[in-house]
Structures are given as structure tokens and as C-alpha cells.
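# Tertiary structure, described
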Amino acid sequence: MESDPHEWHYIAEGARNVVVAYTGSSHVLQGHVLRLGKGPPGPPENPSPAAEVVGDKFVNRGVPYPVTAEFLEKLQHHIQPHRPQFRLKYGLDFARREALLLVDNTKFANARSTYKTIAIELKPKCGFLPRSQHISREVKRSVCRFCMHQHEKLRKGEVEEISSYCPLDLFCSESQCRERALRSLFATPQNN
């Protein structure tokens, strides 16, 4: 199911992946995005760790989509002008032979194209405290990793304020804690 690289447009990217949306006429690919790996290759990642926590009903794992080096090279050239400058250190990994085809969750199936949508990616981080006997510092048993990193980032001047979000709240059984976590994500959005 090879497609023309010019039928895909740049959406966004992170440190390890680029996401492009299909804009061509194939009914099979309409409403889908491709998640493409960037180089250099890192350790293998679990494509859907959330599914292990919440189950497949709430997670779109996607399906493998075959790609060629030629497709990736052309796509790289096509999307390059749209990529942010600070992400240009690594391009697409031309050695990969698969991408991940996912439903485009920024589009509603029955919505008119004039509607604008916003997609927010929540990265809840580690929502538990470790219990290993190998933990040498007691603080690690009572303060989550995300919150410790917030203090470190503030100390280094990487953030102006500490996020009020704590992953322990998001995974708490009490609804007011979960609500506080979501409100905090909006109040001080940061990536850790």
C-alpha cells in the first residue's frame, strides 16, 4: 500500500518520532497518520505502554505500515521546511522498513472540515512510587520521579516554576485527586 510522500503533511514530532497526516485520495488511508522513527536508532520502545494499564479498548496501537528508503527520503525532503529548527538534528531513519499507521485522533469522523480540532497528548509519567529494596535514598520512596525532576529543572533554570501536576494524583482512586491532576496539567504544562 505504498503512497506518494507528497500526500502526507507534517503534523508534529518528538525526540524519537515524526507524525505526518495523510491528505491524498485513498479511502483506506484517509483519516490516518503515520508515526515514523527518527535516527539515530535508540533502544526499542514499547509502542503502547498505556494499553498495559488501561486496556486495548482505550488505546489505538496502530498497524505496521511498510515503507521503503526511497519513500522515507522523499518524505524527509517534503516535510523538512515544516519542521522546527530545534528538531532538525535527527531526520527520518532511512533504514527502517515499517512505520506505524494510526487513526488521526485530531479529526472527528462525522465533522465537517470547517471545524477546528485540538489534540492534546497527555504523558502521565510514572504514577507510582518504587518499592525496591535497592533504593538508597528514602526521598525516592515518598516523592515521585516527576516531582523530583521538577525541582532539579527549577534548580538548573530549565523551568520558571515547578509544575503543580503530580502523576500520583492522576492514578489515585479518588476523583478529586484525578481532577486536580488534570487541572494542574493545564495550569503548568511541561514535559519531563
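So, a few notes on the structure that sits alongside this text. Computed from a predicted structure; not experimentally measured. (Residues numbered from 1 in each chain as written. Predicted model: local features only at pLDDT ≥ 70, side-chain atom pairs only at ≥ 80, totals over all residues. Heavy atoms only, no water.)

Right, let's talk about the nonpolar core for a bit. By size, the foremost hydrophobic cluster in this structure holds 17 residues, and its most contacted members are W8, V20, L34, L36, Y65, F71 and L75. Secondary structure elements with two or more residues in this core: β1 (8-13), β2 (17-22), β3 (32-37), α2 (69-79) and β5 (98-103). A per-element tally of this core places α2 first, with 4 residues. (Core = buried A, V, L, I, M, F, W, Y, C linked by side-chain atoms within 4.5 Å. Buried < 20%, exposed > 50% of the residue type's maximum accessible area, 1.4 Å probe, protein only. Helix = DSSP H or I, 4+ residues; strand = E, 2+ residues; numbered from the N terminus.)

As a further point, take the sheet that holds β2. Sheet strands pair by backbone hydrogen bonding; their relative direction is either parallel or antiparallel. Taken together, the 5 strands give an open sheet; going across it, the order is β1-β2-β3-β5-β4, and neighbouring strands pair in antiparallel fashion. Single-partner strands in this sheet number two, and they are β1 and β4 (63-66). Pairwise comparison of adjacent strand axes, ignoring direction, gives a mean angle of 35° for this sheet. Here β3 runs beside β5; their pairing, made up of 4 bridges, is antiparallel. Paired with V33 across the two strands is L102, which belongs to β5. (Pairing = 2+ DSSP bridges. Axes fitted to C-alpha atoms, helices over the stretch in contact; angles between N-to-C directions.)

So, on to the pattern of salt bridges. All told, the structure shown has 9 salt bridges when counted by the stated rule. Close ionic contact of E13 with K38 constitutes a salt bridge, the shortest N to O distance being 2.7 Å. With a gap of 25 residues between them, E13 in strand β1 and K38 in the loop between β3 and α1 (49-54) connect regions that are remote in the sequence. By relative accessible area, E13 is classed as buried at 13%. The closest approach of N and O atoms between R83 and E13, which form a salt bridge, is 2.8 Å. Here E13 lies in strand β1 and R83 lies in the loop between α2 and β5, a separation of 70 residues in the sequence. Here R83 matches E13 in class, with each residue buried. (Salt bridge = Lys/Arg side-chain N within 4 Å of Asp/Glu carboxyl O.)

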